[in-house]
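Listed here are the chains, written in short residue letters.
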Amino acid sequence: MSVIATVTEKNTASLEGKAQMDKSSAFDMQSHADMKAYETIGKPFVKNSKMSARNVNVFYGEKQAILDVSLDIGRNEVLAMIGPSGCGKSTFLRTLNRMNDIIPICEVRGEITLDGEDIYESDQDTVMLRARVGMVFQKPNPFPKSIYENVAYGPRIHGLAHSTAEMDEIVESSLRRAGLFEEVKDQLDKPGTGLSGGQQQRLCIARAIAVSPEVILMDEPCSALDPIATARIEELIDELKENYTIAIVTHSMQQAARVSQRTAYFHLGKLIEVGDTKEIFTMPRHQLTENYITGRFG
Amino acid sequence: MNSMNESSRSSTTIAIQASLKKRYARERRFQWYGRIAVLTGFVFLFILLADIVVKGTPAFTQHFIKLDIDFNAQEMGVGQTPSTGELAAADYSAVVKSSLREMFPDAKGRSEKKALYRLISIRAEYTLRDMVLENPALIGTRAEVWLLAHSEAGSYLKGQVDPATPESDRRVKDMQIAWLDTLAQAGRTESRFNTTFFLSGDSREPELAGIKAALYGSFYTLLVTFCLAFPIGVMAAIYLEEFAPRNRLTDLIEININNLAAVPSIVFGLLGLAVFINFFELPRSAPLVGGIVLSLMTLPTIIITSRAAIQAVSPSIHEAALGVGASKLQTVFHHVLPVAMPGVLTGSIIGMAQALGETAPLLMIGMVAFIMDVPAGVTDPSTVLPVQIYLWADSPERGFTEKTSAAIMVLMAFLILMNGLAVYLRKRFELK
Ligand SMILES: Nc1ncnc2c1ncn2[C@@H]1O[C@H](COP(=O)(O)OP(=O)(O)O)[C@@H](O)[C@H]1O
Ligand SMILES: [Mg+2]
């Protein structure tokens, strides 16, 4: 580790009297020159990964939002990404299904593979990619159409159903797996926007799994939900990992601890530490990680 | 610490109370300014509407006069058993005139007789001809027939002429008034709904003039306008909003579209004259050219409102659609456009309403012609409703004054209808 051990004034103050230098390091967050040289602590790589990012840098115009991040997402695992606001969690997540392509000023450098294939290769089709890597957004965003149509839309444009019966089947099983079917089975023709926030988010999950993706990306899926709705989504994530690979951004440490097998901690565009969730939360190796999970800042 | 807090709080309270009264007074004053402004607007609108309605309403009725017509073959200049051709060419005005002379023998001399004949519209000849052609057995018989009154006689019967004014100041003379009074007392006059107004084209005679030709002209013109401006406008808006890169060129295009919306409409007329008529040699006075010119004028409105409507669609809908793997085109047509549609339609209808009321550019391309026949297509010479209003307002005959106001009423009815449609569509789409 070639990092210079300096802590910001604020943190120094708050950590007063505590033995801080036993941790590997902290650094001057203003200086990107330092950050460039930083290497992620922990286990960013896994054997037999589903998706891998290597030396990913993301720029919004002049501004760099992601600095040299390398990270694997294992098959059928739930990877949680945590970190303070604005550290680039969403940005990184959106590179995984090229959702950043719709932002004109956004530029992604580095290599990201899905089953070993580079998804940024010019002959890679974003339509195909997004069918394989689905996404659930922070704010529930059902289409202003019927519940049925919300779920059926993806399969329809990809031509996954060859008959109405088959489509009905897909819609029902998707809603079932999202734990929503029993609640809405009598009102499939009602607008999806009329559901409660939690139901809407489960509808969005149903919509994402209706196209049978391999990976599901979730960007703070519970941040707009009440605790009960959150608990339901968390249960759901736990069930979904049997069949899917999931990357979830969350601002709730408890949530990360509950649903994920591995956790990645981001700070100012840098991937600071990755490891088994249990280890990260019980024995963080980096000062910044510890500060964050113990609630000292973020 | 505590007492300091309390004293500062009470001083704040006092300060607020002192200013409170002033603030409320200011608010009330402001509300009154608003009310007065709104009221002024309403008063002017009301005066305008009342004036138009009062002037225009009489145009929706027409007076008829009952005459005893002697279908005298000799007088009509036909034989005892005339052929259809002969009947069609017969002199029907002669029998009308003789009927009038018979009823009012007091009309002596040329000018008095002429005044007498002026009680009945020239339409009477055609009415009688149609009757006879349908039933030739009428020849040689006598029948009571309701004939359309001349517009001047009609205006007296509608009470628009004050007999107390000096005779030289009015077109309906004393003798005519006396005759009309006699007819009215004998129950030989009748007011009917004016179907002519809706079923005829323009005419030199006010009682025969109608708006049908102008209505059809407006319809064809707007049809052309809509077919061009709506698809082009909406497509342009979609392209600019969703697909075009943001750069100098698109900025320039945007600025120019906004500028185009502010170009005086007569300029579009000049353009139409120079390009479509002189260069492309499209027919003059035709709805085709009128529609093209008006669509140029409406395009900026449609593009600007459509862009605003598309822009207002939440970006989360984009993300949702792209997130399940929809292409950009699918995203736009399946999700963005349906949500933006109420705004797009509202903008388009308002643009069309503007086009419906537009006159200046159409004058430039010759749609100001005197059109009696209803146009049968987009290349026939025609006029449009506002131009018809302009033409009638310009006519010296008194009978056209009420037509002008009546045509304005019809035009406004259509405008209200279109705006109502815009509101309805917006409500309907919003419910979904
Ligand atoms: N569309 C964008 N344009 C410019 N900068 C952006 C955009 N989106 C995010 N950023 C910047 O990138 C950084 C990371 O943002 P984000 O990925 O949203 O963080 P997080 O999700 O961790 O809160 C922030 O500094 C943010 O200001
Ligand atoms: Mg975020």
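Residues numbered from 1 in each chain as written. Chains lettered and ligands numbered in written order. Predicted model: local features only at pLDDT ≥ 70, side-chain atom pairs only at ≥ 80, totals over all residues. Heavy atoms only, no water.

(A) Broad picture of the overall build of chain A. When you go through chain A residue by residue, the secondary structure sums to 12 helices and 11 strands. For chain A, the proportion of its 298 residues judged to be buried stands at 56%. Considering only contacts within chain A whose residues lie at least 6 apart along the sequence, 67% involve residues at least 24 apart. Surface exposure of chain A reaches about 12,900 Å², of which carbon and sulfur atoms provide 50%. (Helix = DSSP H or I, 4+ residues; strand = E, 2+ residues; numbered from the N terminus. Buried < 20%, exposed > 50% of the residue type's maximum accessible area, 1.4 Å probe, protein only. Contact = heavy atoms within 4.5 Å. Areas by Shrake-Rupley, 256 points an atom, 1.4 Å probe, with all protein chains shown as cover.)

(B) Representation of the sheet that holds strand β9 (residues 245-249) of chain A in the model. All names here are of chain A. The 7 strands lie next to each other as β1-β11-β10-β4-β9-β8-β7, forming an open sheet whose pairing is mixed. Every other strand in the sheet has two partners, leaving β1 (41-42) and β7 (133-136) as the edge strands with one partner each. As judged from the 6 bridges shared by strand β10 (residues 262-267) and strand β11 (residues 270-276), these two strands associate in the antiparallel manner. Bridging from a neighbouring strand, H267 pairs with K270 of β11. (Pairing = 2+ DSSP bridges.)

(C) Up close: the confidence of the model for chain A. Residue and element names in this part refer to chain A. Averaged over every residue, the pLDDT of chain A is 85; residues scoring 70 or more account for 87%. Here helix α1 (residues 9-14) stands out as the least confident element of chain A, with mean pLDDT 38; β9 is the most confident, with 96. Taken together, the stretch residues 1-34 has pLDDT below 50 and engages in 52 contacts with residues farther than four places along the chain or on a different chain. (pLDDT = per-residue confidence, 0-100.)

(D) Focus on the sheet that holds strand β5 (residues 106-114) of chain A. All names here are of chain A. One open sheet holds the 4 strands; their spatial order is β3-β2-β5-β6, and the pairing between them is antiparallel. Sheet topology places β3 (63-74) and β6 (117-118) at the edges, where each strand pairs with a single neighbour. Bridge analysis of β5 against β6 gives 2 bridges, and the strand direction is antiparallel. In the strand pairing of β6, T113 is matched with D118.

(E) Region of interest: a negative patch on the surface. A cluster of acidic residues, E111, E117, E121 and D123 of chain A, forms a negative patch on the protein surface. Relative to the assigned elements, D123 of chain A resides in the loop between β6 and α4 (126-132). (Patch = residues over 30% accessible without salt bridge, like charges linked within 9 Å, V, L, I, M, F, W, Y side chains within 5 Å. Salt bridge = Lys/Arg side-chain N within 4 Å of Asp/Glu carboxyl O. Lys, Arg positive; Asp, Glu negative; His and termini not counted. Charge placed at Lys NZ, Arg CZ, Asp CG, Glu CD.)

(F) Here's a closer look at the site of ligand 1. Residues and elements named next belong to chain A. Around ligand 1, the neighbouring residues are Y60, K63, A65, S85, G86, C87, G88, K89, S90, T91, I103 and I105. Y60 is positioned such that a nitrogen or oxygen atom in its side chain is 3.4 Å from a nitrogen atom of ligand 1. One of the backbone N or O atoms of C87 is found 3.3 Å from an oxygen atom in ligand 1. Against a free-state accessible area of 560 Å², the protein chains account for coverage of 65% of ligand 1. Elements that contribute at least two residues to the shell around ligand 1 include exactly β3 and α3 (89-95). When grouped by side-chain class, the residues that make up the shell around ligand 1 number 5 nonpolar, 5 polar and 2 charged. (Near = heavy atom within 4 Å. Polar contact = N/O pair within 3.5 Å; in protein donor to acceptor, adjacent residues only side chain to side chain. Nonpolar A, V, L, I, M, F, W, Y, C, P; charged D, E, K, R; others polar.)

(G) Fine view of the state of the cysteines. Residue and element names in this part refer to chain A. The full count for this structure, using the stated rule, is 0 disulfides over all chains. C106 supplies the cysteine sulfur nearest to C87, a cysteine that is in no disulfide, at a spacing of 15 Å. Owing to a relative accessible area of 2%, C87 belongs among the buried residues under this scheme. C204 takes part in no disulfide bond, and the closest cysteine sulfur, belonging to C222, lies 12 Å away. The buried category is assigned to C204, whose relative accessible area is 2%. (Disulfide = S-S within 2.5 Å.)

(H) Layout of the domain arrangement of chain B. All names here are of chain B. Split into domains, chain B comes out as domain 1 (2-57), domain 2 (61-200) and domain 3 (212-431). Across the contact, 8 residues belong to domain 2 and 9 residues belong to domain 3. Between domain 2 and domain 3, roughly 780 Å² of surface is buried when both sides are summed, and carbon and sulfur atoms account for 51% of that area. When the area that domain 2 buries against domain 3 is broken down by residue, the three leading residues are Q160, F197 and F198, summing to 55%. At the junction of domain 2 with domain 3, the criterion picks out 1 salt bridge. Ionic pairing is found between E402 and K158, a salt bridge with its closest N-O pair at 2.9 Å. On the surface where domain 2 and domain 3 come into contact, there are 3 residue pairs in polar contact (both at pLDDT 80 or more). With 3 residues, helix α9 (residues 196-199) is the largest single contributor of residues to the side of domain 2 that touches domain 3. When grouped by side-chain class, the residues that make up the side of domain 2 that touches domain 3 number 3 nonpolar, 4 polar and 1 charged. (Domains from an automatic or database assignment. Buried area = accessible area lost by both parts, 1.4 Å probe.)

(I) Layout of a nonpolar patch on the surface. Residues and elements named next belong to chain B. Residues V38, F42, L45, L48 and L49 make up a contiguous nonpolar surface patch of roughly 460 Å² in combined accessible area. The residue L45 is located in helix α1 (residues 2-56) in this model. Judged by relative accessible area, which is 44%, L45 ranks as partly exposed.

(J) Region of the structure containing the interface of chain A and chain B. In this assembly, 20 residues from chain A lie in contact with 16 residues from chain B. Scanning the region where chain A abuts chain B turns up 1 salt bridge. Close ionic contact of E319 of chain B with R94 of chain A constitutes a salt bridge, the shortest N to O distance being 2.8 Å. Counting the contacts that link chain A with chain B gives 6 residue pairs in polar contact (both at pLDDT 80 or more). For the side of chain A that touches chain B, the class distribution of residues is 12 nonpolar, 4 polar and 4 charged.

(K) Spotlight on the packing of helix α12 (residues 265-279) of chain B against helix α13 (residues 287-311) of chain B. All names here are of chain B. Packing of α12 against α13 brings their axes to within 9 Å, and their N-to-C directions diverge by 135°. Classified by the angle their axes make, α12 and α13 are oblique. As for the relative orientation of α12 and α13, their crossing is right-handed in sense. Between α12 and α13, the contacting residues are S265, F268, G269, L271, G272, F276 and I277 on the first element and V289, I292, V293, L296 and M297 on the second. Its residues assigned to classes, the contact of α12 with α13 shows 9 nonpolar, 3 polar and no charged. (Axes fitted to C-alpha atoms, helices over the stretch in contact; angles between N-to-C directions. Parallel < 35°, antiparallel > 145°, perpendicular 65-115°, else oblique. Left-handed = near helix turned anticlockwise from the far one by under 90°.)

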